[in-house]
Amino acid sequence: MSKQVYTFGGYLKDKFGEKVYKAPISISGFTCPNIDGTVARGGGCTFCENDSFSPSLGEVQELKGFHLNLESTENPHLEKQLLQVEKQFEVIASKSKREYGAKKFLAYFQSFTNTYAPFDTLKALYDKALSLDDVIGLSIGTRSDCVTDETLAYLAELNKTKEIWIEFGIQSIYDETLERINRGHDADNVKQLIIKSKKLGLNVCGHLIFGLPGEDKKMMLETAKKAYEWGIDSVKYHPLYVTKRTALANEYNKGEFEPISEELYLEVLLESIQMKPEHVSVQRITAGIDNDSLIAPDWCRDRNAQVRHINRELRTIGLKY
């Protein structure tokens, strides 16, 4: 019988005695220091389609053109942002309760860089999310170059009574790769923030992308190995796919970038899972998008098929997802 890969859902069920669901929340006015030109030029990472990160809410249009950063001195739209947190959570929680019998939630600040704003704004938004019924904690997606010591200290304080996670995009440990994808920071920056977060007692999830330009199997596996060594508690694995309106699409159309094959992705994924420490949970094993914005590879279009193929390969080593 195949052994279950240790999933994030399994971790949460073990800890809280029932299923805990992540409720994704997107806040208008949040952006990224790479997109706004603070740390890099060119509109973000080469694979980033900015529009795909925007929430489909009426309030977004109302706040169009309004962006926060770490240097912002005022936030005239805080009340609207707080209302977004409440409204989005209500919709997602209601659906999850109705369809899956969900009872507890992590409020997941997902889109853009969710520590890239003044501390007072962040505190208000985090506190609002934690005040909502059945929310037992937070998961905060961010970049390692956008987290102040003040914010980290506050999250560590919250973590004493709540379930607090911080998610960093590691992507690659190779600086030449990070430079090529216009990341805007180096690998040591991520390493140091993960170590600092762990020292404060925070739970850390690391995002890894397999198939980045110029990387071979050995490099991808070394990134996974180092991420584990840095002390992450959970991991998300992603294949790199090409979407319209990105710099990567231009590279692909010029023949300068070839997407990872499904066969190679499966190889790297299985070996990464096999070398993973047992206590590190898995939050995602693949990614894709099934609409006309996907250019390549076509195998990233059907995520159900991806999971079937991954499970087929996992069974060969006695595992299942």
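Structure: above.
Reading guide: rules and limits
- Residues numbered from 1 in each chain as written.
- Predicted model: local features only at pLDDT ≥ 70, side-chain atom pairs only at ≥ 80, totals over all residues.
- Heavy atoms only, no water.
- Helix = DSSP H or I, 4+ residues; strand = E, 2+ residues; numbered from the N terminus.
- Buried < 20%, exposed > 50% of the residue type's maximum accessible area, 1.4 Å probe, protein only.
- Contact = heavy atoms within 4.5 Å.
- Phe/Tyr/Trp six-rings, centres within 6.5 Å; stacked < 30°, edge-to-face > 60°.
- Lys NZ or Arg CZ within 6 Å of the ring centre and 35° of its normal.

K.L.:
Looking at this structure, how should I read unusual backbone geometry?
P.N.:
Omega for the peptide link from Ala296 to Pro297 comes to -10 degrees, which places this bond in the cis form. With respect to the helices and strands, the residue Pro297 is situated in the loop between β10 (294–296) and α11 (303–315). Look at Gln171: it is not a glycine, yet its phi comes out positive at around 65 degrees. For Gln171, a relative accessible area of 8% translates into the label buried. In this structure, Asn182 is a non-glycine residue whose phi angle is positive, near 65 degrees. By the element assignment, Asn182 lies in the loop between α6 (175–180) and α7 (187–199).

K.L.:
Would you explain the environment of Phe8 in this entry?
P.N.:
If you trace the backbone, Phe8 turns up in helix α1 (residues 8–16). For Phe8, the residues in contact, after removing those within four places along its chain, are Lys22, Leu106, Trp165, Ser234, Ser281, Val282 and Gln283.

K.L.:
Would you take a moment to explain the packing of aromatic side chains for this structure?
P.N.:
Describing an aromatic ring pair means giving the distance of the ring centres and the angle of the ring planes. Per the stated rule, a full pass over the model turns up 10 aromatic pairs. Note on Phe119 and Tyr154: the rings are 5.6 Å apart at their centroids and 85 degrees apart in plane angle, and the pair reads as edge-to-face. Placement of the pair is Phe119 in helix α4 (residues 119–131) and Tyr154 in helix α5 (residues 149–158), with a sequence separation of 35 residues. This pair shows no difference in class: Phe119 is buried, exactly as Tyr154 is. Cluster of aromatic residues (ring-pair linked, three or more members): Phe210, Tyr237, Tyr265 and Trp299. Between the NZ or CZ atom of Lys22 and the centre of the ring of Tyr108, over which it lies, the distance is 3.9 Å.

Remember, this is a structural readout, not a statement about activity or role.
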